[in-house]
Amino acid sequence: MMQHPEKVSVPVYTAVDREIFLREIYPMRTPAVLRGVSLGSCLDKWTVDYLREKGGDREVKVHVSSVPQMDFLRKNFLYRTLPFDVFVQRAAEAKHSDFFISEEESYYLRSLGDDPRREPADLRKQFPGLAEDFSTPEFFEPEQFFSCVFRISSCGLQLWTHYDVMDNLLAQVSGRKRVVLYSPQDAENLYLSGDKSEVLDIDSPDLKQYPRFVKARRYECVLEPGDLLFIPALWFHNTLALQFGVGVNVFWRHLKAESYDKKDPYGNKDPVAAARAMQVLERALQALEELPPDYRDFYARRMVLRIQSCAYSRKSEVAVQGFSPTETLTASDSETSVPSSQITHQD
């Protein structure tokens, strides 16, 4: 009998304003769906025709894949440049009369800065006409802002599991999207390659190849148009477009500005101190190679124990355990746990 990872519903909060978010949700450092937060007129306006008209023929670099499940390991996608209005039309279609690979190919846009190697994406700069319709939730200080990323994907497109080093809000403007998340404490069960998980099929994983994956607790939600998903830094996430969808990611710095790599326009490079620690670790591993196998094994285990005792966070483990896989949160539950607000929980 096949084992399945434990599943937990991401809690849904309504009636959330800046004060409630900063006081009662943000400090928990766990994902949360925020429903009913104003995103502006984009919810009504951003139809396919409107996007094509407002976005015009500005050229955009997009992912094109022959299959909906994109694979960063085998690179089963191409990068192609298209006028924005043409791209939107193709992404919204189930079959294409004009195509690069096949008539059923999938499309994905992750907007870039004007100078992709130096500047982060900002909807206000790349698509000012559309930015007028989108209201950025003021859940952080203006100086913390890093990027505002426009995302459009074909129905069925699935993006691999990865983490970001900054906090972000994913605003689902149109279409429905499933998001699966994993705690940073499950990193050891996700078979990482850099910032990405090698387990591409998270719904039917190959447990012979990835036996520890079953230990990773799975947090899941389905975003409806108008929903916001708070994704804390370092939380792994995997997205599946249940329909043609348009969204906006707003990233901001959770740490001090100097903690981040100044030459990182995407916001996905590890913090400077973490990168430096990883370099030290690589040198330590090279030093261990000078020892016989049994000595190398012994001292490697000592290193692991040292890291666990000095660097593991007991506090974060407790916070994650606060999600109950069997608990159904209701308005009355929330009134008991957070009596100072009118917040409502839904699963």
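Residues numbered from 1 in each chain as written. Predicted model: local features only at pLDDT ≥ 70, side-chain atom pairs only at ≥ 80, totals over all residues. Heavy atoms only, no water.

(A) The overall build of the protein chain, seen in detail. Along the protein chain, the regular secondary structure elements total 10 helices and 17 strands. Within the protein chain, buried positions represent 44% of all 347 residues. Counted over contacts in the protein chain with a minimum sequence separation of 6, partners at least 24 positions apart contribute 76%. (Helix = DSSP H or I, 4+ residues; strand = E, 2+ residues; numbered from the N terminus. Buried < 20%, exposed > 50% of the residue type's maximum accessible area, 1.4 Å probe, protein only. Contact = heavy atoms within 4.5 Å.)

(B) Quick look at the packing of helix H7 (residues 272–288) against helix H8 (residues 293–311). Axis separation between H7 and H8 bottoms out at 10 Å; the angle between their running directions is 155°. With respect to H8, the element H7 is oriented roughly antiparallel. Considering how the two elements wind past one another, H7 and H8 form a crossing that is right-handed. The residues of H8 that touch H7, namely those facing Leu281, Ala284 and Leu288, are Arg296, Tyr299, Ala300 and Met303. Classifying every residue of the contact of H7 with H8 gives 6 nonpolar, no polar and 1 charged. (Axes fitted to C-alpha atoms, helices over the stretch in contact; angles between N-to-C directions. Parallel < 35°, antiparallel > 145°, perpendicular 65-115°, else oblique. Left-handed = near helix turned anticlockwise from the far one by under 90°. Nonpolar A, V, L, I, M, F, W, Y, C, P; charged D, E, K, R; others polar.)

(C) Layout of the pattern of salt bridges. One pass over the full model with this rule turns up 19 salt bridges. The partner of Lys45 in a salt bridge is Asp133, with the nearest N and O atoms 3.5 Å apart. With Lys45 in helix H2 (residues 42–45) and Asp133 in the loop between helix H6 (128–131) and strand E7 (145–153), this pair connects stretches of sequence that are 88 residues apart. Taking relative accessible area as the criterion, Lys45 reaches 36% and is therefore assigned partly exposed. Linking Lys95 and Glu104 is a salt bridge whose minimum nitrogen-to-oxygen distance equals 3.9 Å. (Salt bridge = Lys/Arg side-chain N within 4 Å of Asp/Glu carboxyl O.)

(D) The arrangement of the pairing of strand E8 (residues 158–162) in detail. Burial analysis of E8 places 5 of its 5 residues in the buried class, the great majority of the element. Where E8 and strand E15 (residues 236–241) come together, 3 bridges link them in antiparallel fashion. Bridging across to E15, Gln158 finds its partner in Leu240. (Pairing = 2+ DSSP bridges.)

(E) How the structure looks around the side chain of Arg178. Tracing the chain through its elements places Arg178 in strand E10 (residues 177–182). A polar contact of 3.0 Å, which involves the side chain of Arg178, links it to the side chain of Asp203. In contact with Arg178, other than residues within four places in its own chain, are Gln158, Ile202, Asp203, Arg218, Glu220, Cys221, Val222, Asn238, Thr239, Leu240 and Leu242. (Polar contact = N/O pair within 3.5 Å; in protein donor to acceptor, adjacent residues only side chain to side chain.)

(F) The arrangement of the environment of Gly226 in detail. With respect to the helices and strands, Gly226 occurs in the loop between strand E13 (218–223) and strand E14 (228–231). Judged by its relative accessible area of 9%, Gly226 is buried. Taking the C-alpha atoms as reference points, Gly226 and Ser174, 52 residues apart in sequence, are found 7.5 Å from one another. For Gly226, the contacting residues outside a window of four places in its chain are Leu34, Val37, Leu39, Leu43, Gln172 and Val173.

(G) Focus on the side chain of Arg151. Considering the arrangement of structural elements, one finds Arg151 in strand E7. Buried within the structure, Arg151 lacks any salt-bridge partner; Asp164 is the closest side chain of opposite charge, at an N-O distance of 5.7 Å. There is a polar contact of 2.5 Å between the side chain of Arg151 and the side chain of Tyr108. A distance of 2.4 Å separates polar atoms of two side chains, one belonging to Arg151 and the other to Asn249. (Lys, Arg positive; Asp, Glu negative; His and termini not counted.)

(H) Representation of the confidence of the model for the protein chain within the structure. Per-residue confidence for the protein chain averages 90 on the pLDDT scale, and 90% of its residues sit at or above 70. Throughout residues 324–347 the model reports pLDDT below 50, and contacts reaching past four residues in sequence, or to other chains, amount to 45 contacts. (pLDDT = per-residue confidence, 0-100.)

(I) Representation of the environment of Pro137 within the structure. Considering the arrangement of structural elements, one finds Pro137 in the loop between H6 and E7. By relative accessible area, which is 6% here, Pro137 ends up buried. With near-sequence residues (within four places) excluded, Pro137 lies in contact with Val37, Leu39, Leu169 and Leu228.

(J) Inspection of the packing of aromatic side chains at higher detail. For the structure shown, the criterion picks out 21 aromatic pairs. With a centroid separation of 4.7 Å and an interplanar angle of 10°, the aromatic rings of Phe140 and Trp252 are classed as stacked. Separated by 112 residues along the polypeptide, Phe140 in the loop between H6 and E7 and Trp252 in strand E16 (residues 245–252) bring together distant segments of the chain. Across the pair, Trp252 and Phe140 agree in class, each one buried. Ring geometry for Tyr163 against Phe236: centres 5.4 Å apart, planes inclined by 80°, an arrangement best described as edge-to-face. Of this pair, Tyr163 sits in the loop between E8 and strand E9 (167–174) while Phe236 sits in strand E15, and the two are 73 residues apart along the sequence. For the pair Tyr163 and Phe236, one class covers both residues: buried. Every member of this aromatic cluster is reached through a ring pair, and the members are Phe21, Tyr26, Phe139, Phe140, Phe230 and Trp252. (Phe/Tyr/Trp six-rings, centres within 6.5 Å; stacked < 30°, edge-to-face > 60°.)

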